[in-house]
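So you can see what is in the structure, the chains are spelled out below.
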Amino acid sequence: MEITSLTVHETQAILRSKQVSPKELIETLGRRIELVDPSIHGYLSYDLDRAVSEAQNADVRLPLGGVPISIKDVINVKGHPCGCASKILQGYISPYDATVIAKLRAAGAIPFGRVNMDEFAMGSSTENSAFGPSRNPWDTTRAPGGSSGGSAAVVASDEAFAALGSDTGGSIRQPAALCGCVGLKPTYGRVSRFGLVAFASSLDQIGPITKDVMDAALLMNTIAGADPCDSTTLDEPVPDFTANLEKGVKGLKVGLPKEYFIEGLDPEVAKTVRAAVEHLKSLGAEVIEISLPHTEHALSTYYIIAPAEASANLARFDGVRYGFRAKEVTGLLDHYGRTREEGFGPEVKRRIVLGTYVLSSGYYDAYYLRAQKVRTLIRQDFATAFEQVDAIVCPTSPTPAFKLGERTSDPLSMYLADIFTLAANMAGICGISIPCGFLEEEGKQLPVGLQILGQELKESTVLQVAYAYEQSTDWHKMKPRPG
Amino acid sequence: MTFAVLATNDCEAGAPALFVTTITMSSTNFDVEYVAELARIKLTPVEIKTFQSQLGHVLEHVEKLNAVDVSQVEPMAHSFQIYNVFREDKPRKGLDREIALSNAPRQAQGLFIVTKVVE
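About the cut-offs
- Residues numbered from 1 in each chain as written.
- Chains lettered and ligands numbered in written order.
- Predicted model: local features only at pLDDT ≥ 70, side-chain atom pairs only at ≥ 80, totals over all residues.
- Axes fitted to C-alpha atoms, helices over the stretch in contact; angles between N-to-C directions.
- Helix = DSSP H or I, 4+ residues; strand = E, 2+ residues; numbered from the N terminus.
- Parallel < 35°, antiparallel > 145°, perpendicular 65-115°, else oblique.
- Left-handed = near helix turned anticlockwise from the far one by under 90°.
- Contact = placed C-beta atoms within 7 Å.
- Nonpolar A, V, L, I, M, F, W, Y, C, P; charged D, E, K, R; others polar.
- Buried ≥ 20, exposed ≤ 12 C-beta atoms within 10 Å, placed from the backbone.
- Pairing = 2+ DSSP bridges.
- Domains from an automatic or database assignment.
- Expected span 1.5 Å × (residues − 1).

1. A closer look at the packing of helix H9 (residues 298-313) of chain A against helix H12 (residues 365-388) of chain A
Residues and elements named next belong to chain A.
Now for step 1: Between H9 and H12, whose axes approach to 9 Å, the crossing angle comes to 130°. Here H12 runs oblique to H9, going by the angle between their axes. With respect to the hand of their crossing, H9 and H12 are arranged in left-handed fashion. Residues Ala298, Thr301, Ile304, Ile305 and Ala308 of H9 lie in contact with H12, whose contacting residues are Tyr367, Tyr368, Ala371, Gln372, Val374, Arg375 and Ile378.
Now for step 2: Counted by class, the contact of H9 with H12 contains nine nonpolar, two polar and one charged residues.

2. Structural notes on the pairing of strand S4 (residues 162-167) of chain A
Residues and elements named next belong to chain A.
Now for step 1: Of all six residues in S4, six are buried, a share of seventy percent or more.
Now for step 2: Residues Ala162, Leu164 and Ser166 point to one face of S4 and Ala163, Gly165 and Asp167 to the other, with burial holding for every one of them.
Now for step 3: Two strands pair when backbone bridges link them, and strand S2 (residues 68-72) and S4 are joined in this way by two bridges, in the parallel orientation. Counted as the bridge partner of isoleucine 71 is leucine 164 from S4.
Now for step 4: Judged from the six bridges that link them, S4 and strand S6 (residues 205-210) form a sheet pairing that is antiparallel. Counterpart to glycine 165 in the pairing with S6 is glycine 207.

3. Focus: the pairing of strand S10 (residues 430-441) of chain A
Residues and elements named next belong to chain A.
Now for step 1: One ladder, built from three bridges, connects strand S5 (residues 182-185) with S10; its direction is antiparallel. Bridge pairing in S10 links lysine 185 to glycine 431.
Now for step 2: For S10 and strand S11 (residues 444-454), the ladder comprises eleven bridges, and the chain directions are antiparallel. Along S11, the bridge assignment pairs glycine 431 with leucine 453.
Now for step 3: Counting the residues that bridge the hairpin from S10 to S11 gives two residues, and of these glutamate 442 lies at a positive phi of roughly 50°.

4. Quick look at the interface of chain A and chain B
Now for step 1: On the side of chain B, 51 residues touch chain A, which itself brings 58 residues to the contact.
Now for step 2: Of all the elements in the fold, those that place two or more residues in the side of chain A that touches chain B are H9, helix H10 (332-343), helix H11 (346-359), H12 and helix H13 (411-415) of chain A.
Now for step 3: Ranked by residues supplied to the side of chain A that touches chain B, first place goes to H12 of chain A with 13 residues.
Now for step 4: Its residues assigned to classes, the side of chain A that touches chain B comprises 28 nonpolar, 18 polar and twelve charged.

5. Brief notes about the domain arrangement of chain A
Note: interface size is frequently given as the accessible area lost on complex formation between the parts.
Residues and elements named next belong to chain A.
Now for step 1: Segmenting chain A into domains produces domain 1 (3-254 + 387-477) and domain 2 (296-370).
Now for step 2: Taking only C-alpha atoms, the centre of domain 1 and the centre of domain 2 are 27 Å apart.
Now for step 3: Contacts between the two partners involve 26 residues from domain 1 and, on the opposite side, 22 residues from domain 2.
Now for step 4: Within the residue set of the side of domain 1 that touches domain 2, elements represented by two or more residues are H13 and helix H14 (422-427).
Now for step 5: Here the side of domain 1 that touches domain 2 takes three residues from H14, the largest share from any one element.

6. Let's talk about the packing of helix H7 (residues 213-223) of chain A against helix H15 (residues 459-471) of chain A
What describes two packed helices is the angle between their axes and the distance between those same axes.
Residue and element names in this part refer to chain A.
Now for step 1: Interaxial distance between H7 and H15 falls to 9 Å at its minimum, and their mutual angle equals 160°. Considering the angle they form, H7 stands roughly antiparallel to H15. Once H7 is placed against H15, the crossing between them reads as left-handed. Facing H7, whose interface residues are Val213, Ala216, Ala217 and Met220, H15 presents Glu459, Leu463, Ala466, Tyr467 and Glu470.
Now for step 2: Its residues assigned to classes, the contact of H7 with H15 comprises seven nonpolar, no polar and two charged.

7. Side note on H12 of chain A
Now for step 1: Compared with the 34 Å implied by 1.5 Å per residue over 24 residues, the 34 Å span of H12 of chain A between its first and last C-alpha is a close match.
Now for step 2: When H12 of chain A is considered as a whole, its buried residues turn out to be Ala366, Tyr367, Arg370, Ala371, Gln372, Lys373, Val374, Arg375, Ile378, Asp381, Phe382 and Phe386 of chain A.

8. Here's the deal with the environment of threonine 115 of chain B
Now for step 1: Among the structural elements, threonine 115 of chain B can be located in the segment after strand S4 (111-112).
Now for step 2: Given 19 C-beta atoms within 10 Å, threonine 115 of chain B falls into the partly exposed group.
Now for step 3: Considered as a pair, threonine 115 of chain B and aspartate 31 of chain B are 84 residues apart in the sequence and their alpha carbons are 28 Å apart.
Now for step 4: Not counting residues within four places of it along the chain, the set of residues in contact with threonine 115 of chain B comprises Val329, Gly331, Leu332 and His335 of chain A.

Listed below in structure tokens is the structure:
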């Protein structure tokens, strides 16, 4: 078996027993990337020499000692490029470490490479990357999902042991589902956003994309916690996220929201998810049908709030302090207008324009304020549901991986890819996607994701349900054969 | 969910008349060219045409929110109620000037060079 196919916890074991050195591990990973990445395009860049030199000082006794973790191009790693897959940040080198990176380093991990994404995390397929899309390892004519599509693709194709992504409307869970990985979006405020390039600040969260549930728990143990540099982090105790994994689901109540089994949900995906729910039942979970009545409004609410916040956050890209600057400008307005015209891609421009409109004078109440009120209703739906159940299960994505190019001309059809994941961000709750089966299209096996949502700060419960399902099935052991 | 603009008409003699204009969600009032100017993004004529139609569809879609009764609902600003996060008022080290300037497209004498503002 190839070393690169191992999980983080398996890798730790062979590092600690000295079957392999951290340096050999990185070098093996480098060879795997060289072999596979030409057909996946998961990495925008990586610096093998730097990683090898960091590996030589790695202390394998630390929680993640000597394990390389691949990093989405939206998280600052000191001395590495951080481009958000955008031309406007071409050449930018991070002057500091994001808090999650400082925590990874303190745990002995080696932040590795820059993985591809939709520009500024806006998209569901990586097709909005200014440097070309990544490809789904299960079928390279299909998208890996997005926006953390590069993270999911490199983990699925064993070009990474694990990766960090970010999730604003499903950007960790949806690509994890489409690539057959595990992807966890923590509770809003559980993980520091300091050093994450801001997209929609009230929704963004960093989280792990991994090969199994144990790894997601291990990474959470490292990255979670309050941070004085991010005043939205929660000053709550951080549990050992691995502690509840073995407890099983016996006696747990699991809610099945009827609003998630609707028209537009691929019937084969529905069948696969229902079978997964039956499986949870056979493991001793009690399944209860629940209702989240405002589900249908999550998409509209999201496409007001996220672009509004993005239009404010992305105002900082002005070609003065960093990044791209247009040439031969005639004055300051021309400087701004052309820098942003030439630096941003079409989807980013669309969302800035949309966000600017909904916040423009006179429209604030009609759009943003109303959306924030509907958001309260969405949050109340979940609060009511969690009075009845410990976790909610539903599909992660309405369809399996779609073809590259299939949805790029119609933004609304692309937005629908996140229809089942958005609500968790709106409500600030946590959620995970785990593989729960495959379906066949054009002779290719395509993974299906099961989404498990949990109450605020109940990542441990979500991981417990996920682990019980995973350990009694073999889906997470299936490997694509890319290239 | 209407935004009321109260304006007095002082053009005519006598008591000022009250005009009430209501602003609601509107995909028809949406003018990409004007909004892009507010956002400081120049767009090509092709982009203006495409975005107008694409975002028009998105705005039509979000108008569904008009059907939701939010008259008794408070807006949600944060998933958790967090108030006044303070830290000790003690100076902390920031980025060194040289590092802060290291990514600047134009810099001189320890300063960012901005395109001329006053003509």
